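Coordinate inspection notes
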Amino acid sequence: MTVIFKEETFHDDFTFRNSPEAVKRFPFPFPEDSYMYSVNLEPHKSYRPGSVYERTFDVDEHYVSEMRDRARVLAEDPLRCQSLPHMTLAGWDLLELIMTSKAEEYPELFELHRDGAKWHWINRPLGIEQKFTFLDETTLPCGPMEYITRQTQGDFAVLDQRDDNLWMDAGMVTTQADWSLDFDIGMNFFEWHAPVPKAHEMGIFQRALKFLLNVQQGSPARRLNWTMTVNPLLDTSPENYHKWGVMKKDLTLENMGQMMHLRVELQTFFRLPRSNALVFPIRCYLIKLDELVTVPKWARRFHRVIRDLPTELATYKGFVTNRPKIVEWLSRYDDGAPTSPGIWPD
Amino acid sequence: MSAGAAKIPVRVAEVTPVNELVTRFRFVRRDGGLMPTFSGGAHTVVEMNDQDRVRRNPYSIMSDPGDREGYSISIRRDDNGRGGSLFMHRQVRPGMEMVISNPVNLFALDLRARKHLLLAGGIGITPFLAQIKQLSAMNGNFELHYSVRTASLGSYADELVANYRPRVHLYHDDRGEQIDLPALLDGQPLGTHVYVCGPKGMIAWVRKTATALGWPREAVHHEEFLAPASGKPFEVMLARSNKTIQVGEHQSLLEAIEAAGVEAPYLCRGGACGQCETDVLEYEGTFLHKDHWLTPAQCAGGTKIMPCVSRFEGKTLVLDR
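Residues numbered from 1 in each chain as written. Chains lettered and ligands numbered in written order. Predicted model: local features only at pLDDT ≥ 70, side-chain atom pairs only at ≥ 80, totals over all residues.

1. Things to note about the overall build of chain B
- The secondary structure content of chain B amounts to seven helices and 17 strands.
- Against the globule reference of 20 Å for 321 residues, chain B gives a C-alpha radius of gyration of 20 Å, in line with a compact fold.
- Overall size of chain B, expressed as C-alpha extent along the three principal axes, is 60 × 50 × 35 Å.
- Going through the 321 residues of chain B one by one, you find that 41% of them count as buried.
- Restricting to contacts in chain B with at least 6 residues of sequence separation, those with at least 24 account for 68%. (Helix = DSSP H or I, 4+ residues; strand = E, 2+ residues; numbered from the N terminus. Rg over C-alpha atoms; globule rule 2.2 N^0.38 Å. Buried ≥ 20, exposed ≤ 12 C-beta atoms within 10 Å, placed from the backbone. Contact = placed C-beta atoms within 7 Å.)

2. Quick word on the overall build of chain A
- The helix and strand tally for chain A stands at 13 helices and ten strands.
- At 20 Å, chain A has a C-alpha radius of gyration in line with the 20 Å of a compact globule built from 346 residues.
- Looking at chain A residue by residue over its 346 residues, the buried ones come to 37%.

3. A look at helix H1 (residues 84–91) of chain B
Residues and elements named next belong to chain B.
- Looking at H1, one finds that the buried residues are Gly84, Ser85 and Met88. When H1 is viewed along its axis, its buried side chains cluster within an angular range of 105° and face the same direction. For H1, the exposed residues set more than 90 degrees away from the buried face come down to Arg90 and Gln91. (Arc of directions from axis to C-beta.)

4. Describing the confidence of the model for chain B
- Per-residue pLDDT for chain B has a mean of 93; in total, 99% of the residues score no lower than 70.
- Quick note on the complex model: pTM equals 0.87, ipTM equals 0.82. (pLDDT = per-residue confidence, 0-100.)

5. With respect to the sheet that holds strand S5 (residues 128–133) of chain A
All names here are of chain A.
- If you trace the three strands from one edge of the open sheet to the other, you get S3-S4-S5, paired in antiparallel fashion. The strands lining the two open edges of the sheet, one partner per strand, are strand S3 (110–115) and S5. Strand-to-strand twist of the sheet, defined as the mean angle between neighbouring strand axes without regard to direction, takes the value 10°.
- Across six bridges, strand S4 (residues 118–123) lies against S5 in antiparallel orientation. (Pairing = 2+ DSSP bridges. Axes fitted to C-alpha atoms, helices over the stretch in contact; angles between N-to-C directions.)

6. As for the sheet that holds strand S13 (residues 234–238) of chain B
Residues and elements named next belong to chain B.
- Pairing in this open sheet of five strands is mixed, and the strands run S14-S13-S17-S15-S16 from one edge to the other. Strands with a single pairing partner mark the edges of an open sheet, and in this sheet they are strand S14 (243–247) and strand S16 (304–305).
- As defined by bridge partners, S13 adjoins S14 across five bridges and the pair is classed as antiparallel. When the sheet's bridge partners are listed, Leu238 is paired in S14 with Lys243.

7. Focus on the interface of chain A and chain B
- Between chain A and chain B, the contact holds 13 residues from the first and 18 residues from the second.
- Taken together, the residues that form the side of chain A that touches chain B break down as two nonpolar, eight polar and three charged. (Nonpolar A, V, L, I, M, F, W, Y, C, P; charged D, E, K, R; others polar.)

8. Considerations on the domain arrangement of chain B
All names here are of chain B.
- Looking at the assigned domains, one finds that chain B contains domain 1 (7–105), domain 2 (115–223) and domain 3 (234–319).
- On a C-alpha basis, the centroid separation for the pair domain 1 and domain 3 is 26 Å.
- Taken together, the contact pairs nine residues of domain 1 with seven residues of domain 3.
- Looking at which element gives the most residues to the side of domain 1 that touches domain 3, the answer is strand S4 (residues 53–60), with five residues.
- Of the residues that constitute the side of domain 1 that touches domain 3, the class distribution is four nonpolar, two polar and three charged. (Domains from an automatic or database assignment.)

9. Notes on the packing of helix H11 (residues 296–308) of chain A against helix H13 (residues 323–331) of chain A
Residues and elements named next belong to chain A.
- In contact at an axis separation of 9 Å, H11 and H13 are set at 155° when each is read in the N-to-C sense. For the element pair H11 / H13, the angle class is roughly antiparallel. Every pair of crossing elements has a handedness; the one defined by H11 and H13 is left-handed. In this structure, H11 uses Ala299, Phe302, His303, Ile306 and Arg307 to contact H13, whose residues at the interface are Arg323, Ile326, Val327, Leu330 and Ser331. (Parallel < 35°, antiparallel > 145°, perpendicular 65-115°, else oblique. Left-handed = near helix turned anticlockwise from the far one by under 90°.)

10. Focus: the environment of A:Ile4
Residues and elements named next belong to chain A.
- As for its position among the elements, Ile4 is in the segment before helix H1 (20–24).
- Note on Ile4: 7 C-beta atoms within 10 Å, which makes it exposed.
- Between the C-alpha atoms of Ile4 and Met187, which are 183 residues apart in sequence, the distance is 40 Å.

11. Things to note about the pairing of strand S2 (residues 22–29) of chain B
Residue and element names in this part refer to chain B.
- Looking at chain direction, strand S1 (residues 7–17) and S2 are connected through seven bridges and run antiparallel. In the strand pairing of S2, Val15 is matched with Phe25.
- The turn linking S1 back onto S2 is made up of four residues.
- Sheet topology note: the S2/strand S5 (residues 71–76) ladder contains six bridges and is antiparallel.

12. Here we look at the environment of A:Tyr35
All names here are of chain A.
- Here Tyr35 is to be found in the loop between H1 and strand S1 (42–43).
- Residue classification places Tyr35 among the partly exposed positions, given that 19 C-beta atoms sit within 10 Å.
- C-alpha separation for the pair Tyr35 and Gly50, spaced 15 residues apart in sequence, amounts to 26 Å.
- Those residues in contact with Tyr35, other than ones at most four positions away along the chain, are Phe30, Val305 and Leu309.

Below you can see the structure in the form of structure tokens.
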């Protein structure tokens, strides 16, 4: 598969689009016509060639433009990338994981040559070539986590594991669904999840933490999460809420198909070998409603999910005010026909 | 999730006697590839095909975490144990093919520590050997206090002293030497973390002394793998699999479940990690809880058992497995 990287923006003129091929491989997150939380974890194994589940770190047509957007956000707000002092080793673990995976799975795009600790990295899409010494920070232009996550789509939370808990002690977060690394840095698993409604009472976090503490080296896991975003904004951060929050007011039935996006996060979990930390990549995929309804099964199901979603969840996900309009627009694409099980197009 | 960490097919590269009780084993991959990187304190579960049964015992990886050519473990022979260490000492020869698990770390260094104070007793030295290599490579600040029975039984004591003197302090039981624990713990700089691995009594002594001196719980780390105890045979009904199994005198409940062909989750097989926690559906008798996982209330409640180390005596036991 040859990827053709698109030139597009995620701000101001919002030229982001999905090609028909990208629509077909979109990770639609609803296996049935309704939605409630679940600890929907499964092994992160290669699955369904061409899908976003095929590679360890999916590289798609938006790669180059997403990395440009990350650089733009970091230039405005350097605190989107932070690493507490004890997390540098975990940063090297992450750099190794990403470089070795990408070089093996995308040999036409990435190369890694290793001679002991002397490493040579080539990133063709971004035009980067770097010789450095593994585990020697002075040989990279910035810390190892920042270096590699400026070249990898998705946000990264790097979690220290101690005292039977996980701690948000490092991360690169520029494509987030309204949470802040700068606010959460140093918090434990229960503290940073405190704002989520319902799930605490359901015991979801106790079960999820128990699972995550036991994620083993060589056995990564994944799950999907979702929300909705007005305009194709990768950066929907609390820090910039004053810029993007007001855009929700511009939504009409006429511009719905172009302005409203389903935002899906492919969340994966890897145990890091040297630091024993856990890395939590959160990869954001956006799709316009106009693009989504080109798949009739998704159009029918999405209408039913949004219509029947509990109010707390619609509020937490930030679209409760616009919900009536969204449901009205989507209802035009739902003829009431039954949908097939599973997430894939028919 | 399937049972245990992912498996690695290996060949025994070396079997090296260390002293009259301890032997070192080195494993390399059968396919000639590199081992996964690990962190100091990690263990691997070694599978042993001992006649008609499969034993799975956890051992700390003692080799350099930077060395991916192979893993080394050291095993102390236990003549009164259930037979795993005897199998390793008597049956395992260079060239033998075995299966080990990916590394799992339940005794990791806290990388925030300003100083790592390592306390080892006997064969409890093994996780520290890897941690010391890792800390040395990172210019980490550590100090080792290592208690041995006699100089000749002090595994790796000479090389530790030769490589890391003034940071290594040895104590010989037969010379009446003992760690002056209250003084040692009292004199540590702020930000020190203490780690202990050794006999049960030593771990309890360190934890109790540290608590009495006001050390935060989070700064005191211990690793204690229990060997499953032998005991009277008992019968168990596995409700979900609809099987009735017999647990032998020298067999753990987890081993008996596995021998019946039922897949059960596990990681440490030593009562520490919590992965094998199993619901009890019905019982008439007495639980012999041996693990470090269940709370006293859970033990008293009779609704959970950790089959890796715990046993049962009585008439009926029905598990949700």
